[in-house]
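Examination of the molecular architecture
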Amino acid sequence: MRTCNRGATTTDVEVTTDVISLRRSVAAGAVGVFVHWFDWAAYAYLAGTVATVFFPSEDSTTGLLAVFGVFAVSFGIRPVGALVFGSLGDRIGRKRTLSLVIFTMSGATLAIGLLPGYASIGIAAPVVLVILRLVQGFAAGGEFGSAASFLAESAPRRRRGFGVSWLEVGSLLGFLAGSFVFLLLSTVLDESQLTSWGWRTPFLIAAPLGVIGFIIRTKIEDTPEYRAMEANDTAPRSPVRELLRSRKRELLQATGLMTAMHVPFYAVLTYLVTYETDHLGHSADSAALLSTAISLLGLALVPLFGLLSDRVGRKPVFVGATAALFVVATPAFLLMRTGLAGTWAAGLLLGVILAAILGTYAVWSAEVFPTRTRQSGLSISYNLTAALFAGTVPYLMTMLISATGSTLVPGPYLMVFAAGGLVAALSLRETAGSTLLRPEDVSDLPSRTPPGEAA
């Protein structure tokens, strides 16, 4: 074996380089999703206060539905952002879109933190709030696809699941930070202080974090796979058109994986806070504390499930998780009705299942697509399912429970999407350890090499 200076072997140097490179890639990829989900969590946790500030109404349910409606509308614009930023990422590189996305997102977040309420500027307040949430949603449409493509292409092949799983660690850290800030604000401030200025704090905190993320992202290099396409002058001119023409099956499969992640993610980490306070009679502090505990559990388990998928494969982990969700979803919400202890047991169980899904869905989806359409495929599948099924979770749950009078509605709802994810997973090949650079990525020649077979 060749040796390097001071007795270090070439393998030692390569391993050290891989570790350093992975850390830099994780920092660049995860910082944006942290900022994004910190903002989203803050908005969800402060929904009641935001309703009071921007949508004054004698009927509290009407105000809450208005806030959740804005939540859903901001998801509706995300597919447009996915088309724009996904196409840009495949044509001009991951690095540039990562920087542009976080700059736009942070600017809109800062503007929301400074926006006067209904009492100050009247109807203009909710109108501008909607516009700013649309800008955030547009930028968010490019965040996942850019970050997931960048991390998948930057991580060592045999540790790709572990590397990409840190994308979801960033998401959970964002939710955890949002939960912590909400808990802190609700503890130290009274209702009038929270309504007058306290609700602005999370949005003002997120802005400088976005600046830090922008600086980090401008200093990174683009991925080896994308640079290989540039060197061969094979970057696609119309990646979305190519995706829809020749990669429809992969797009549908990735969409199935994404849907099975989105719905339980928002049900467990966003809507459950409202569910506990409105339908189980628990305090806001108790609900936020459980959300924090689930996020902490996810922080510990998501990288482990990503690592497990590198060892045993994506398929066993994801199939096991979606099958478990299908079985326990309704019993979990029945258990919540038994009291606070039952709510905690059910919430933590759902958290474990969610962690297994989060640890595998992103890397598996990234490995489905060739490099030349990867960011477009990830962006479109992620954000289309987010717009249709994720952002609507709080709104639909509130509406369906009100219409049916049953607080068990979330259980069967989760079962439907768990079944869809299970079907998608069973239709996919195993891709752990596969190469991401396919023949068509560097030769401009058509290829249908199945994922996982070009290892």
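Further up the page is the structure itself.
The text that follows walks through the structure, step by step, so that each part is easy to find. (Residues numbered from 1 in each chain as written. Predicted model: local features only at pLDDT ≥ 70, side-chain atom pairs only at ≥ 80, totals over all residues. Heavy atoms only, no water.)

1. Thoughts on the packing of helix α5 (residues 94-114) against helix α7 (residues 124-154)
The axes of two packed helices give the description: the angle between them and the distance between them. Applied cut-off: To get an axis, fit a line to the C-alpha atoms, keeping to the stretch in contact for a helix; angles then go from 0 to 180 degrees between the N-to-C directions. Put simply, DSSP H or I for four residues or longer makes a helix, DSSP E for two residues or longer makes a strand, and each gets a number counted from the N terminus. Throughout, the term roughly parallel applies to angles under 35 degrees, roughly antiparallel to angles over 145, roughly perpendicular to angles from 65 to 115, and oblique to all others. Crossing handedness: left-handed means the near helix sits turned counterclockwise from the far one by under a right angle, and right-handed means the same turn made clockwise. Three classes are used, and their members are as follows: Ala, Val, Leu, Ile, Met, Phe, Trp, Tyr, Cys and Pro are nonpolar, Asp, Glu, Lys and Arg are charged, and the others, Gly among them, are polar.
Interhelical geometry of α5 versus α7 gives an angle of 150° and a closest axis separation of 8 Å. With respect to α7, the element α5 is oriented roughly antiparallel. Where α5 crosses over α7, the handedness of that crossing is left-handed. For the contact of α5 with α7, the class distribution of residues is 13 nonpolar, 7 polar and 4 charged.

2. Details of the environment of Ala356
Formally: Relative accessibility under 20% of the residue-type maximum defines a buried residue, over 50% an exposed one, and the middle range a partly exposed one, all with a 1.4 Å probe and only protein chains included. What makes two residues a contact is simply this: any of their non-hydrogen atoms within 4.5 Å.
Along the chain, Ala356 falls in helix α16 (residues 340-358). Residue Ala356 is classed as buried on the basis of its relative accessible area of 6%. Put simply, Ala356 and Val319 are 37 residues apart on the chain and 9.6 Å apart in space, counted from C-alpha to C-alpha. Non-local contacts of Ala356, meaning those with residues more than four positions away in its chain, are made with Phe305, Val317 and Ala321.

3. A short note on helix α15 (residues 314-336)
The condition that has to hold: One less than the number of residues in a helix, times 1.5 Å, gives the span that helix is expected to have. To obtain the bend at a residue, axes are fitted to the seven residues ending there and to the seven starting there, and the angle between these axes is taken.
Given a rise of 1.5 Å per residue, 23 residues ought to cover 33 Å, and the 31 Å separating the end C-alpha atoms of α15 matches this to within 8%. A bend of about 45° at Val328 is the largest found in α15, and the proline Pro331 appears one to four places after it.

4. With respect to the packing of aromatic side chains
Put simply, the test is: Put simply, two rings from Phe, Tyr or Trp (the six-membered ring, in Trp's case) pair if the centres are within 6.5 Å, and we call them stacked under 30 degrees between planes, edge-to-face over 60, tilted for the rest.
Counting across every chain of the model gives 16 aromatic pairs. For the pair Trp199 and Phe203, a centre-to-centre distance of 6.0 Å together with 70° between the ring planes defines the contact as edge-to-face. Neither residue differs from the other here; Trp199 and Phe203 are each classed as buried. Three or more aromatic residues joined by ring pairs form one cluster here, namely Trp37, Phe265 and Tyr266.

5. Details of the nonpolar core
Using the following cut-off: Buried Ala, Val, Leu, Ile, Met, Phe, Trp, Tyr and Cys residues that are joined via side-chain atoms within 4.5 Å together make up what is termed a nonpolar core.
Membership of the largest hydrophobic core comes to 120 residues, with the highest contact counts inside it found for Phe54, Phe144 and Tyr361. No other element matches the 16 residues that helix α13 (residues 248-279) contributes to this core. If we skip the residues at most four places from it in the chain, Phe144 touches Ser149, Leu167, Glu168, Met258, Tyr361, Ala362, Leu378 and Tyr382. Core analysis: the next-biggest nonpolar cluster, separate from the first, contains 6 residues, Leu88, Met105, Ala139 and Ala140 among them.

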